[in-house]
Protein chains: 2
Amino acid sequence: MSSIKDVASLAGVAVGTVSRVINNTGAVKPVTRDKVKAAIEALNYVPNEVARNFKMQRSKMIALLLPSIWHPFFSELAYYIEDELDLEGFKLMLCNSGGKPEKELYYFDMLKQNKVAGVIGITYNDIENSVSTDIPIISIDRHFNKKITCVTSDNFEGGRVALRELVKAGAKKPAFLGTVTSVYSETMLRREGFVHEAKALGVPFVVYEEPDPIRDEEQYYNTFLQRHKDIDGVFAITDMTAATYIEKAKQAGIRVPEDVKVIGYDGIQDHPLFHPILSTIRQPVEEMARAAVRLLLKKVEGETLDLEVYRIPVTYREGETT
Amino acid sequence: MSSIKDVASLAGVAVGTVSRVINNTGAVKPVTRDKVKAAIEALNYVPNEVARNFKMQRSKMIALLLPSIWHPFFSELAYYIEDELDLEGFKLMLCNSGGKPEKELYYFDMLKQNKVAGVIGITYNDIENSVSTDIPIISIDRHFNKKITCVTSDNFEGGRVALRELVKAGAKKPAFLGTVTSVYSETMLRREGFVHEAKALGVPFVVYEEPDPIRDEEQYYNTFLQRHKDIDGVFAITDMTAATYIEKAKQAGIRVPEDVKVIGYDGIQDHPLFHPILSTIRQPVEEMARAAVRLLLKKVEGETLDLEVYRIPVTYREGETT
């Protein structure tokens with residue numbers, strides 16, 4: 001393979017001149033530039049990105065940390081993040097952290113070492129003390145106390161909309177069905193929005209929660225079904241929780257939507273082939289993904305961002321369960 | 001940040017000695033090694049991977065080319081590929097090619113330039129002439145004529161099993177419902193296995209195919225429904241085709257499984273919350289992913305592989321549609 005020296009030699013210029021042409025930096029006379037370009041073409045010279053990174057000490061790689069790509073919400077998010085990065089000439093490194101803090105911290109170390117230019121992370125672990133401020137990190141959903149910018153759907157508004165839609169569908173006593181993470185997460189605002197709206201409208205309501213992750217799923221749903229027989233609406237913290245509740249309710253002889261109206265959160269169903277089609281608060285996944293990339297690249301360029309949390313509006317999508 | 005020179009200076013040794021300790025190459029006296037390690041710790045020195053790649057001209061990065069990560073089969077595959085690579089100390093670069101040949105070729109160029117150590121690709125394009133032999137590439141599903149190793153599920157056996165299961169479920173005249181790609185693909189063996197088994201058992205059958213991608217989905221299914229009213233079994237080339245057929249059949253007043261038994265291929269449903277739960281030929285996704293990684297890393301090490309195509313056994317999973 002030919003080297004930058006071969007190009008310089010053929011073009012009759014210095015190596016530095018070739019480098020300036022390739023990297024489009026510094027002044028080079030048009031006639032010289034043409035000579036260099038002709039030599040590059042003649043030799044079929046390919047600039048070595050590894051070598052260039054070494055000189056510029058800068059990577060065009062962004063790491064994406066997800067609990068698992070094998071989940072429809074995360075894979076849709078990854079799809080749009082990769083697409084937006086590609087438009088900007090960046091590559092995506094994928095890491096399934098499996099929720100393991102040590103695997104997440106490893107990637108933050110890579111960031112310190114300039115091996116990646118930035119990190120987009122979805123983590124529910126308390127790794128806050130290991131993460132410093134002002135470095136190129138965007139968090140999705142998880143709102144750190146420190147100044148790590150977070151992009152999230154408008155969870156509070158989503159909770160309010162869910163309560164209103166349950167009432168509109170005829171629910172007189174709706175319940176919130178969820179889990180609580182050990183550290184603060186934006187997803188907690190789903191319950192807060194729900195509770196806020198129920199109080200505002202004077203609607204009696206139930207909040208049923210267990211620490212995340214649920215140890216005994218069977219018991220979680222059975223306890224809810226036995227303890228709250230009078231509820232006629234459910235707002236579940238995720239679509240998967242909604243779908244699981246519907247299955248358990250069916251086994252207990254409860255019909256959805258006839259006896260209980262159900263609304264989920266996420267919008268993971270992207271085609272209407274499998275049933276029940278959930279009524280849900282749809283996350284603006286594409287907008288969240290593109291916003292996260294744009295904000296991250298601003299940080300990479302050294303810009304200071306205006307906000308700590310960017311909340312993207314959600315929409316309600318009616319399915320077969322309300 | 002401290003440099004390798006700072007470490008050498010503090011330890012009172014040459015830079016080359018520090019490098020040998022870090023890379024675990026060459027002889028270093030235990031006492032010297034301890035001094036270097038103490039200096040590394042004292043200075044909190046982090047070896048720069050970019051610089052190291054430059055010297056070794058070798059990347060620990062594998063590129064994964066997928067049509068789209070936003071598809072349950074591909075996201076499950078990516079999940080296990082990343083997991084297996086992680087065990088071997090490699091990182092995964094993700095590329096949604098969107099089926100665009102130019103995007104795929106870009107990553108093969110990166111391979112030529114040592115920016116990635118190897119490529120795992122799922123492509124249905126005819127990029128064969130642009131890809132040379134003997135370089136670290138593993139193809140999934142797509143069998144190139146040249147010696148690019150392919151890992152795939154046993155599609156032929158899958159087709160045979162599907163036919164037998166349809167007959168066992170009571171079908172007297174089953175149909176194969178599929179599409180044909182312009183270049184040879186291993187997935188074509190699904191039809192061949194189906195046809196082979198029908199002939200072997202003396203069962204009358206129908207093959208219905210259109211070129212991939214289908215231009216007018218509405219017309220594709222309507223023509224099939226009108227032209228083949230006497231069929232009572234369907235083996236669809238993918239689960240999504242099966243699910244779409246079931247929806248269209250329902251609109252035409254055909255009940256599944258009462259009137260027509262349906263079997264898909266893939267096994268994309270990993271929890272029984274959404275219906276119909278498809279009867280399907282389940283791809284051995286985890287085994288395919290791990291095999292692809294292991295074979296690729298052998299190629300990266302310069303080994304020659306025994307086979308051109310590695311076919312992993314499939315299993316039949318009964319759902320609600322047979």
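Reading the values: the criteria
- Residues numbered from 1 in each chain as written.
- Chains lettered and ligands numbered in written order.
- Predicted model: local features only at pLDDT ≥ 70, side-chain atom pairs only at ≥ 80, totals over all residues.
- Core = buried A, V, L, I, M, F, W, Y, C linked by C-beta atoms within 7 Å.
- Buried ≥ 20, exposed ≤ 12 C-beta atoms within 10 Å, placed from the backbone.
- Contact = placed C-beta atoms within 7 Å.
- Pairing = 2+ DSSP bridges.
- Helix = DSSP H or I, 4+ residues; strand = E, 2+ residues; numbered from the N terminus.
- Axes fitted to C-alpha atoms, helices over the stretch in contact; angles between N-to-C directions.
- Right-handed = clockwise from strand over helix to strand, strands pointing away.
- Domains from an automatic or database assignment.

1. Here's the deal with the nonpolar core
For step 1, the next point in the chain: In this structure, Ile-62, Leu-64 and Ala-292 of chain A together with Ile-62, Leu-64 and Ala-292 of chain B are the most contacted members of the largest nonpolar core, which totals 86 residues.
For step 2, the next point in the chain: Setting aside its immediate chain neighbours within four residues, Leu-64 of chain B contacts Ala-78, Ile-81, Leu-92, Met-93, Leu-94, Cys-95 and Ile-120 of chain B.

2. A look at the sheet that holds strand E8 (residues 233-236) of chain A
Residue and element names in this part refer to chain A.
For step 1, the next point in the chain: Pairing within the open sheet is mixed, and its six strands lie in the order E7-E6-E8-E9-E10-E12. Strands at the two margins of the open sheet, each flanked by one partner only, are strand E7 (206-211) and strand E12 (315-317). Neighbour-to-neighbour, the strand axes of the sheet open up by a mean angle of 20 degrees, direction not taken into account.
For step 2, the next point in the chain: As paired strands, E8 and strand E9 (residues 261-266) are joined by three bridges and run parallel to one another.

3. A short note on the environment of Asp-270 of chain B
For step 1, the next point in the chain: With respect to the helices and strands, the residue Asp-270 of chain B is situated in the loop between strand E9 (261-266) and strand E10 (279-282).
For step 2, the next point in the chain: The exposed category is assigned to Asp-270 of chain B, around which 11 C-beta atoms lie within 10 Å.

4. Observations concerning the pairing of strand E2 (residues 91-96) of chain A
For step 1, the next point in the chain: Taking burial as the measure, the six residues of E2 of chain A include six buried ones, the bulk of the element.
For step 2, the next point in the chain: Taken together, strand E1 (residues 61-66) of chain A, helix H5 (residues 72-87) of chain A and E2 of chain A constitute a β-α-β crossover, and its handedness is right-handed.
For step 3, the next point in the chain: Of the pairings in the sheet, the one linking E2 of chain A to strand E2 (residues 91-96) of chain B comprises three bridges and is antiparallel in character. Note that in E2 of chain B the partner of Met-93 of chain A across the bridge is Met-93 of chain B.

5. Some remarks on the sheet that holds strand E6 (residues 174-180) of chain B
All names here are of chain B.
For step 1, the next point in the chain: Strand order across the open sheet formed by six strands is E7-E6-E8-E9-E10-E12, with mixed pairing between neighbours. Single-partner strands in this sheet number two, and they are strand E7 (206-211) and strand E12 (315-317). Across the sheet, the axes of successive neighbouring strands diverge by a mean angle of 20 degrees, strand direction being ignored.
For step 2, the next point in the chain: The strands touched by helix H8 (residues 188-201) are E6, E7, strand E8 (233-236) and E9; relative to E6, the strand with the most contacts, the crossing angle is about 160 degrees.

6. Overview of the domain arrangement of chain A
Residues and elements named next belong to chain A.
For step 1, the next point in the chain: Under the domain assignment used here, chain A contains domain 1 (4-56), domain 2 (61-153 + 285-313) and domain 3 (155-284).
For step 2, the next point in the chain: Relative placement of domain 2 and domain 3: their C-alpha centres are 28 Å apart.
For step 3, the next point in the chain: Counting from both sides, the interface comprises 16 residues of domain 2 and, opposite them, 13 residues of domain 3.
For step 4, the next point in the chain: Elements supplying a minimum of two residues to the side of domain 2 that touches domain 3: H5, strand E5 (149-153) and helix H11 (285-300).
For step 5, the next point in the chain: Examining the composition of the side of domain 2 that touches domain 3, we find that four residues originate from one element, H11, more than from any other.

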